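Survey of secondary and tertiary structure
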Amino acid sequence: MVLPPPSAPEGQARGRDRWLKDIRRWLHLGHDGVLIAVRDAKLWGLRSLARTLSEVDPDRRLLLDAQELTTLEPGALALLIVRAEDLDWLNLNRPIFAQQKLRVVLWVEEALGIPFKFQSPDLHDWVSHFVPCPDGVPDFALEGLRVGSTWWPGVAWTGPGLDLALTTLETQAQVLDPAQNYDSLVQHLKQDVQGTIRWINIDSVRALWRVRWAVAEARHRGLGVLDNATLYTPGWFPVTAQQGPLHTALVLTRGDIDRAIDAEFERAALASPDSTVLSHQHLPRVGLLREPGPHTRKFHHSPIIWNWRKSLMRRMTKERGTLWSWPELALFASLARDRVIWPFKNLQTAIYFNNEHGLRTIAPDNYPDVLGVAAAYLGDTELVDRWGFPDAQGDLTPESIISHLFGSQDEDYWQGVTIEHVIETGSNFGWHTPYIIRAASRAVLNAPDVAWDNNSPAWKIVSRAELDLGRDHSNVVQLHSIAASAMALTHSSFEARTHYLYLTSTALGETHNHLQHELAAIDLLCSLFGSAAEIFQRSPVERESPEFHLYIAALRAAGEHAKVKEVLGDDAEDFPIEDPQDLAREYLIERLRAR
């Protein structure tokens, strides 16, 4: 299914530019000065507004600081991004609007709506027209959704506004949850094999494969959109509707607000402004759909990318024993989903794709019982019962597989876990399970005398998992932090800090908030006490938590005694004095035990 191009100006649905028409009309009528406030302003609308003002007056000004109003010529047109710190100044200096007959549009975000009314009450009363900013979706996201609609199995959408985006592009989607009964999923998909599906609650590898397998079994060929999946989703065309924030855009553009607005605050576009050139480093990232952004949208259908993909397909067909990564396997499955001969055998992640291919191409009566084995690897008892399981050989049963990968073992079992065992289990059963994280952390704790440097076996775990799952997968991030923690505990704290700085700069979302606290503990081991304290100041912690004790120890070691008294108040004298580096070691060890 290919979605049509957006039908309204600037890629928004019909009628969504009405607020802009109102602003344009009031500006034309306000020759002697007018003050307009955009209420509940949303970043998606800023580019459309800026372009509208440029059409009204090519010399319009865009201001980030209220005091720049004093530099405007009489009768000038300006768009002011209102900041909280400007509200008092604006209220006191409001006469400038009338004296200079200025035509000003105030951009007031939702968070500033109430402060604007109460901190600048007089200016608030001077506003001639309040214009609500409607909900919308940035054009780059709409374009990504349109380009991605040509791809099978579909789009991985991140950010708000998916329903609105689908409506804007004039398509209706059925909502399905992979957690519902699998038979009902297949039947829903069969009812309209060309229909658009919005998949919700994609929060595990098991959910991801239930989607792929149900789509394959139903022979569904329409667009599938993963709505804000919480894990890495190789094979889907990545689209993000996330914008900003403003301060990040200004850093990336070195203060060029016009460029930030023109790019709709899309981070990838700001970080790599030249989207017209496809460099060598972009080839695999665009070819394997590893990142959203202008390069992926622009070059997805280009001959250079398709030639790169075809070359990879030929290699994957010939080199059957190679341990291909999940993104590579997903690309092959997208491009060769209907081929009769399927080359992958006996590679763990490839087994799931083998099943998908079988479900799509083999008659239901001939489904192999190996389907049930793969389902057991994912802990999916419903599918094990549905597809059956081969006659048990020794201890290989659905119960034994699920218990091993998803169950709990006693302390005696965990004391015998080694790095080699983790590598073997990950290679045989997959790197996606919770078991892998627990086993890796215990393997590190079970070998306290090992020097965990950059050449240690722990990093083999990280590289193997990254190859299979991709760098951004939650399990890969956790395994990376486990290996780096092990380094920090064996006197390689500065090397460990380098790894953590990388992790904290690339891992997004609240899922990985603990990384900041672990980095603070490593800073303490490096005697970077001030840096550790700053981390806790940016990321407040609960009083009496282990992190709070680290924070106080960091402040004391940094000589911030006044801050200690401010934080602790009357408890400052009674709060225990603890060695910051001993605390840091204990904290990292407990973090490993708790995984």
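Conventions adopted
- Residues numbered from 1 in each chain as written.
- Predicted model: local features only at pLDDT ≥ 70, side-chain atom pairs only at ≥ 80, totals over all residues.
- Heavy atoms only, no water.
- Helix = DSSP H or I, 4+ residues; strand = E, 2+ residues; numbered from the N terminus.
- Buried < 20%, exposed > 50% of the residue type's maximum accessible area, 1.4 Å probe, protein only.
- Contact = heavy atoms within 4.5 Å.
- Areas by Shrake-Rupley, 256 points an atom, 1.4 Å probe, with all protein chains shown as cover.
- Lys, Arg positive; Asp, Glu negative; His and termini not counted.
- Charge placed at Lys NZ, Arg CZ, Asp CG, Glu CD.
- Pairing = 2+ DSSP bridges.
- Axes fitted to C-alpha atoms, helices over the stretch in contact; angles between N-to-C directions.
- Phe/Tyr/Trp six-rings, centres within 6.5 Å; stacked < 30°, edge-to-face > 60°.
- Lys NZ or Arg CZ within 6 Å of the ring centre and 35° of its normal.
- pLDDT = per-residue confidence, 0-100.

1. Some points on the overall build of the protein
Of the regular secondary structure elements, the protein holds 32 helices and ten strands. With respect to the three principal axes, the spread of C-alpha positions in the protein is 90 × 70 × 45 Å. Looking at the protein residue by residue over its 595 residues, the buried ones come to 53%. The contacts of the protein with a sequence gap of at least 6 include a subset with a gap of at least 24, amounting to 66%. Split by element, the accessible area of the protein, about 27100 Å² in all, is 50% carbon and sulfur. The positive charge centre, built from 58 side chains, and the negative charge centre, built from 77, are 8 Å apart in the protein.

2. Side note on the sheet that holds strand β4 (residues 103-109)
Strand order in this open sheet of five strands is β2-β3-β4-β1-β5, and the pairing throughout is parallel. The sheet is open, and its two borders are formed by β2 (61-63) and β5 (129-132), each paired with just one other strand. When strand polarity is set aside, the average angle formed by the axes of neighbouring strands in this sheet is 20 degrees. Two elements, strand β1 (residues 34-41) and β4, share six bridges in a ladder whose sense is parallel.

3. A word on unusual backbone geometry
Going from W152 to P153, the amide bond is cis rather than trans, its omega being 10 degrees. Take P153: it is sitting in the loop between α7 (139-148) and β6 (154-158). The backbone of R254 sits at a positive phi, close to 55 degrees, despite the residue not being glycine. By secondary structure assignment, the location of R254 is in the loop between α11 (246-252) and α12 (257-262). You can call R254 exposed: its relative accessible area is 81%. The backbone of L289 shows a phi angle near 55 degrees, a positive value even though the residue is not glycine. Relative to the helices and strands, L289 resides in the loop between α14 (282-287) and α15 (294-299). Judged by relative accessible area, which is 5%, L289 ranks as buried.

4. So, the environment of L80
Among the secondary structure elements, L80 is positioned in strand β3 (residues 77-81). Its relative accessible area of 0% is what places L80 among the buried residues. Along the primary structure L80 and L63 are separated by 17 residues, whereas in three dimensions their C-alpha atoms are 4.7 Å apart.

5. Digging into the packing of aromatic side chains
Tallied over the entire structure, the rule returns 14 aromatic pairs. Here the aromatic rings of W209 and W213 are separated by 5.8 Å at their centres, their planes lie at 40 degrees, and the arrangement is tilted. Taken together, the residues W209 and W213, both in helix α10 (residues 205-217) and four residues apart, mark about one turn of the helix. There is no split in this pair, since W209 and W213 are both buried. Pairing W209 with F353 gives two aromatic rings, centres 4.8 Å apart and planes at 80 degrees, and the pair type is edge-to-face. Here F353 lies in helix α18 (residues 348-361) and W209 lies in helix α10, a separation of 144 residues in the sequence. Judged by relative accessible area, which is 1%, W209 ranks as buried. For F353, a relative accessible area of 0% translates into the label buried. Just above the ring of F299 sits the side chain of K298; from NZ or CZ to the centre is 5.9 Å. Note that R309 overlies the ring of W306, its terminal NZ or CZ placed 5.0 Å from the centroid.

6. Here's the deal with the environment of I362
With respect to the helices and strands, the residue I362 is situated in the loop between α18 and α19 (370-377). Taking C-alpha positions, I362 is 9.0 Å from E217, a pair spaced 145 residues apart along the chain. Once residues lying within four places of it in the same chain are set aside, the contact partners of I362 are R219 and Y367.

7. Digging into the confidence of the model for the protein
Overall, the prediction assigns the protein a mean pLDDT of 86, with 94% of residues at 70 or greater. Confidence over residues 7-14 falls short of pLDDT 50; this stretch has 23 contacts with residues more than four positions distant or in other chains.

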